[in-house]
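# Close look at the chain arrangement
Chain residues, written in single-letter form:
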Amino acid sequence: MYINEVERVQAVQRYLDFNLERQKDLQEIVMLASVICNSPIALITLMDYDVQLIKAKVGVDVEEMPRNTSFCTHAIQIDKIMVVKDATKDVRFANAPVVVNNPHIRFYASANLKSYDGFNVGTLCVYDTKPKDLTAQQLECLGALANQVSHIMELDRSLNQLKKQHDSLREIARIQSHEIRQPVASILGLIALMKESLASNDSECIDLLEVSANQLDERIRTMVNHINDQESDYTPA
C-alpha cells in the first residue's frame, strides 16, 4: 500500500465533491481518452481507502469498484503511465474478477491524477476487452488529459475553499459586530447619563469619550458593510 496512505486518502477527500459544471468537463475528457486510445471504456477515478470512486465514465455503468482487485491500486503506486497489454498474462491481474468474468478486461492503461501537494489521488484510465498496446503519441495524450483533470480538480477545490473562507469571514464579522457594538452602545448610553450630571468643566472629557465611541461604532459599521459589499460582488464559478 502507498507509503503515506493516510495522507494520500486525506488528499483524496478534498476532491470528492465536484461542481456540476466541472463534472461536465470531466465527462468530455473521458470521452476524448476513449477515442484517442481507441478503447471502449474510460474512467476518471479517485482512490479512497477501500473503494475506487468513479467520477466520470464511458462504457460502464458503475459508481465505484473495490480497490483490492483494482488495476488502479497498482497504478497510483508508481509515478508514470501504467500499461497492461494483456491482463491474462500478468500475475497481478490474471485472476481479477473483471478479467475472469464480464467484461473480460484484457488491456489497461492509466495516468495518475495528482493533488497540489504531490499525492496520486486517482487515475484517468482506459480499458479494452482485447490485448493491445498504445503508441507513444496515445500515451502522451493520455498523460496530457490526466494533467487537465488534475487542474480541473484543483480549480474546483480552490473555489470551494474560497467560498468556505468567505462564508466564515462573513459570520465572524456578523458575530464581532454584534458583540462589539453592544458594549459601544452601552458606553454611549452611560455618556448621555454622565453629561446630565457632571459639571460643565468636565464636559470636554465626556465629549472626547463620546466622539471616540462614535468613531469606533462607525468603523464597525464600515467593516460589516465592506464585507456585505464583497458578498454581493462574489460570484463563485
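These notes cover the structure that comes with them. Please read all numbers here as calculations on a predicted model, not as lab measurements.

Calculation notes
- Residues numbered from 1 in each chain as written.
- Predicted model: local features only at pLDDT ≥ 70, side-chain atom pairs only at ≥ 80, totals over all residues.
- Heavy atoms only, no water.
- Helix = DSSP H or I, 4+ residues; strand = E, 2+ residues; numbered from the N terminus.
- Areas by Shrake-Rupley, 256 points an atom, 1.4 Å probe, with all protein chains shown as cover.
- Phe/Tyr/Trp six-rings, centres within 6.5 Å; stacked < 30°, edge-to-face > 60°.
- Buried < 20%, exposed > 50% of the residue type's maximum accessible area, 1.4 Å probe, protein only.
- Salt bridge = Lys/Arg side-chain N within 4 Å of Asp/Glu carboxyl O.
- Pairing = 2+ DSSP bridges.
- Axes fitted to C-alpha atoms, helices over the stretch in contact; angles between N-to-C directions.

With that out of the way, let us pick up the overall build of the protein chain. Helix and strand content of the protein chain: six helices and six strands. Its helices and strands taken in sequence order, the protein chain reads α-α-β-β-β-α-β-α-β-β-α-α from the N to the C terminus. For the protein chain, the exposed area adds up to about 13800 Å²; of that, 55% sits on carbon and sulfur atoms.

What follows is about the packing of aromatic side chains. Under the defined criterion, the tally for this structure stands at four aromatic pairs. Their ring planes at 15 degrees and their centres at 4.2 Å tell us that F71 and F93 sit as a pair that is stacked. Of the two residues, F71 is situated in helix α3 (residues 71-75) and F93 in the loop between β4 (82-84) and α4 (97-100); the sequence distance between them amounts to 22 residues. On the basis of relative accessibility, which here comes to 2%, the residue F71 falls in the buried class. On the basis of relative accessibility, which here comes to 1%, the residue F93 falls in the buried class. Feature note: the residues F71, F93, Y108 and Y127 constitute an aromatic cluster, connected by ring pairs.

The full count for this structure, using the stated rule, is eight salt bridges. Put simply, E5 and R8 hold a salt bridge, and the shortest N to O gap is 3.0 Å. Remark: R8 and E5 occur in helix α1 (residues 5-13); sequence separation between them is three residues, near one turn of the helix. E5 gets classed as buried once you look at its relative accessible area, which sits at 7%. Classification of R8 as buried rests on a relative accessible area of 0%. The partner of K85 in a salt bridge is D133, and the shortest N-O contact between them spans 3.4 Å. You can see K85 sitting in the loop between β4 and α4 and its partner D133 sitting in the loop between β6 (120-128) and α5 (136-197), a full 48 residues away along the chain.

Think of a sheet as strands paired side by side through backbone hydrogen bonds, with each pair either parallel or antiparallel. On the basis of which strands lie adjacent, the open sheet formed by six strands has the order β3-β2-β1-β6-β5-β4 and antiparallel pairing. Either end of the sheet is taken by a strand with one partner, and the two such strands are β3 (64-66) and β4. Strand-to-strand twist in this sheet, taken as the mean axis angle between neighbours without regard to direction, amounts to 25 degrees.

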